[in-house]
Amino acid sequence: MEKRTTGHILRLNLAAELTHGMCVSNLAFQVACEMGLPPETCHEMAVAGMVHDIGKVKELSRFPENDYTDDGQLLGHIVIGTEMVSSAIRAIKDFPPGLASELKHCIIAHHGELEYGSPKKPALLEALALNFADNTDAKMETMLEALNAGGENKGWLGYNRLLETNIRKTAE
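Residues numbered from 1 in each chain as written. Predicted model: local features only at pLDDT ≥ 70, side-chain atom pairs only at ≥ 80, totals over all residues. Heavy atoms only, no water.

*Asks:* So what about the overall build of the chain? Which residues, and what values?
*Replies:* When its secondary structure is counted, the chain shows seven helices and two strands. When the helices and strands of the chain are listed from N to C terminus, the series reads α-α-α-α-α-α-α-β-β. Expressed as a percentage of its 172 residues, the buried residues of the chain come to 33%. A separation threshold of at least 6 residues defines the contact pool for the chain, and within that pool the share at least 24 residues apart is 44%. Just so you have it, the chain exposes about 11300 Å², and 58% of that area is on carbon and sulfur atoms. (Helix = DSSP H or I, 4+ residues; strand = E, 2+ residues; numbered from the N terminus. Buried < 20%, exposed > 50% of the residue type's maximum accessible area, 1.4 Å probe, protein only. Contact = heavy atoms within 4.5 Å. Areas by Shrake-Rupley, 256 points an atom, 1.4 Å probe, with all protein chains shown as cover.)

Here it is in structure tokens:
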């Protein structure tokens, strides 16, 4: 079996980011709609889901290097993404300032906790919904990867430190 390097892992993660962004976008949209928020807010949540990790395109370098950039190391994807969205917003004539602040807050708070890298905790309903959508997709992906790594084992697979629990497959 080929030894996986950091470059291999980062290349795989960049490809997975598109899927993650779509999942978070869909989850955030559905949560907003189910909570009875106005249709425009549901659509704004979908946009927030798509751009919440946009900073990763500058946090990580291109193939074949596939490593963290200096800005990635120094600033991280949350700050970089907020700067990218701010720049894009400035290019849109008459973009509502309040909506700009709310979208940037969603990006800044999407990890949900200071100890998980968010500069701010969610202070808006939309930011909290985005955090839940991001966390749900990340944990489901972690569980699926762990279950797949268990192969044909139908029993308990042991403790998963990322999920902080013992896990097992359910009957198919």
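*Asks:* Any chance you could break down the pairing of strand E2 (residues 165-168) for me, citing the residues and the numbers?
*Replies:* Pairing of strand E1 (residues 156-160) with E2, which is carried by four bridges, proceeds in the antiparallel orientation. Residue pairing in the sheet places Gly 158 in a bridge with Ile 167 of E2. Counting the residues between successive antiparallel strands, the hairpin from E1 to E2 contains four residues, one of them, Glu 164, with a positive phi of roughly 60°. (Pairing = 2+ DSSP bridges.)

*Asks:* Quick one: what's the story with helix H6 (residues 97-108), residue by residue and with numbers?
*Replies:* The end-to-end C-alpha distance of H6 is 16 Å, a good match for the 16 Å that 12 residues give at a rise of 1.5 Å each. Buried residues along H6 sit against helix H2 (39-51), helix H5 (76-90) and helix H7 (125-149). (Expected span 1.5 Å × (residues − 1).)

*Asks:* I'd like a description of the side chain of Ser 25, backed by residues and values.
*Replies:* Of note, Ser 25 is situated in helix H1 (residues 6-34). Taking the relative accessible area as the measure of exposure, Ser 25 reaches 7% and is therefore buried. Beyond its immediate chain neighbours, meaning those up to four positions away, Ser 25 contacts Ala 46, Gly 49 and Met 50.

*Asks:* Give a detailed account of the packing of H5 against H6, specifying residues and quantitative values.
*Replies:* At their nearest, the axes of H5 and H6 sit 9 Å apart, and the two run at 160° to each other. With respect to H6, the axis of H5 lies roughly antiparallel. H6 is crossed by H5, and the crossing has right-handed handedness. Seen from H5, the contacting residues are Ile 78, Gly 81, Thr 82, Val 85, Ser 86 and Ile 89; seen from H6, they are Ala 100, Leu 103, Lys 104, Ile 107 and Ile 108. Of the residues contributing to the contact of H5 with H6, the split by class is seven nonpolar, three polar and one charged. (Axes fitted to C-alpha atoms, helices over the stretch in contact; angles between N-to-C directions. Parallel < 35°, antiparallel > 145°, perpendicular 65-115°, else oblique. Left-handed = near helix turned anticlockwise from the far one by under 90°. Nonpolar A, V, L, I, M, F, W, Y, C, P; charged D, E, K, R; others polar.)

Everything listed here is a matter of coordinates, which is why it stays silent on function.
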